[in-house]
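# Fold and contact review
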Amino acid sequence: MKTVKEVSKRTGVSVRTLHHYDEIGLLKPAKVTKAGYRFYDHAALQRLHAILLLKELQFPLKEIRNIL
């Protein structure tokens, strides 16, 4: 499991963007602690990779959510 900060550093996606993806239901963390810390598992990282690929292809976030 990776923290939101670790995922941000590894992928170059800002922490705020990861929080936004969670808020809109595009990328849900595998676990959220009582304190609100988000943790991402391998499946979530794979989904993020797919999101980034589709963004690179200039799909809007709403369409990405429908595709995934």
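This report concerns the structure included in the present document. Given the structure is predicted, the values throughout are model-derived calculations rather than measurements.

So, how was this worked out
- Residues numbered from 1 in each chain as written.
- Predicted model: local features only at pLDDT ≥ 70, side-chain atom pairs only at ≥ 80, totals over all residues.
- Heavy atoms only, no water.
- Helix = DSSP H or I, 4+ residues; strand = E, 2+ residues; numbered from the N terminus.
- Rg over C-alpha atoms; globule rule 2.2 N^0.38 Å.
- Buried < 20%, exposed > 50% of the residue type's maximum accessible area, 1.4 Å probe, protein only.
- Pairing = 2+ DSSP bridges.
- Core = buried A, V, L, I, M, F, W, Y, C linked by side-chain atoms within 4.5 Å.
- Contact = heavy atoms within 4.5 Å.
- Salt bridge = Lys/Arg side-chain N within 4 Å of Asp/Glu carboxyl O.

### A closer look at the overall build of the chain
Along the backbone of the chain there are 4 helices and 3 strands. For the chain, the α and β elements follow one another from N to C terminus as β-α-α-β-β-α-α. The C-alpha atoms of the chain give 11 Å as radius of gyration, which agrees with the globular expectation for 68 residues (11 Å, within 12%). The dimensions of the chain, computed from C-alpha atoms along their principal axes, are 35 × 20 × 20 Å. Within the chain, the proportion of its 68 residues that are buried is 26%.

### Looking at the sheet that holds strand E1 (residues 2-3)
Strand order across the open sheet formed by 3 strands is E1-E3-E2, with antiparallel pairing between neighbours. Strands with a single pairing partner mark the edges of an open sheet, and in this sheet they are E1 and strand E2 (31-32). Pairing geometry for E2 and strand E3 (residues 38-40), over 2 bridges, is antiparallel. Looking at E3, one finds that Lys31 is bridged to Phe39.

### Observations concerning the nonpolar core
Buried together is how nonpolar side chains tend to be arranged in soluble globular proteins. Counting 14 residues, the largest nonpolar core has Val7, Leu18, Tyr21, Leu27, Tyr40, Leu48 and Ile51 as its most contacted members. Mapped onto this core, the elements with two or more residues apiece are helix H1 (4-11), helix H2 (15-23) and helix H3 (42-56). When residues of this core are assigned to their parent elements, the largest contribution, 5 residues, is made by H3. Apart from residues lying up to four places away in sequence, Val7 is in contact with Lys2, Gly12, Leu18, Tyr40, Leu45 and Leu48.

### Some thoughts on the pattern of salt bridges
Under the criterion given, the structure shown has 3 salt bridges. Ionic pairing is found between Glu23 and Arg16, a salt bridge with its closest N-O pair at 3.3 Å. A relative accessible area of 48% means that Arg16 is categorised as partly exposed. The salt bridge involving Asp22 is made with Lys28; its shortest N-O contact spans 3.0 Å.

### Here we look at unusual backbone geometry
Although it is not a glycine, Gln58 sits at a positive phi angle of roughly 70°. Relative to the assigned elements, Gln58 resides in the loop between H3 and helix H4 (61-67). Its relative accessible area of 71% is what places Gln58 among the exposed residues.

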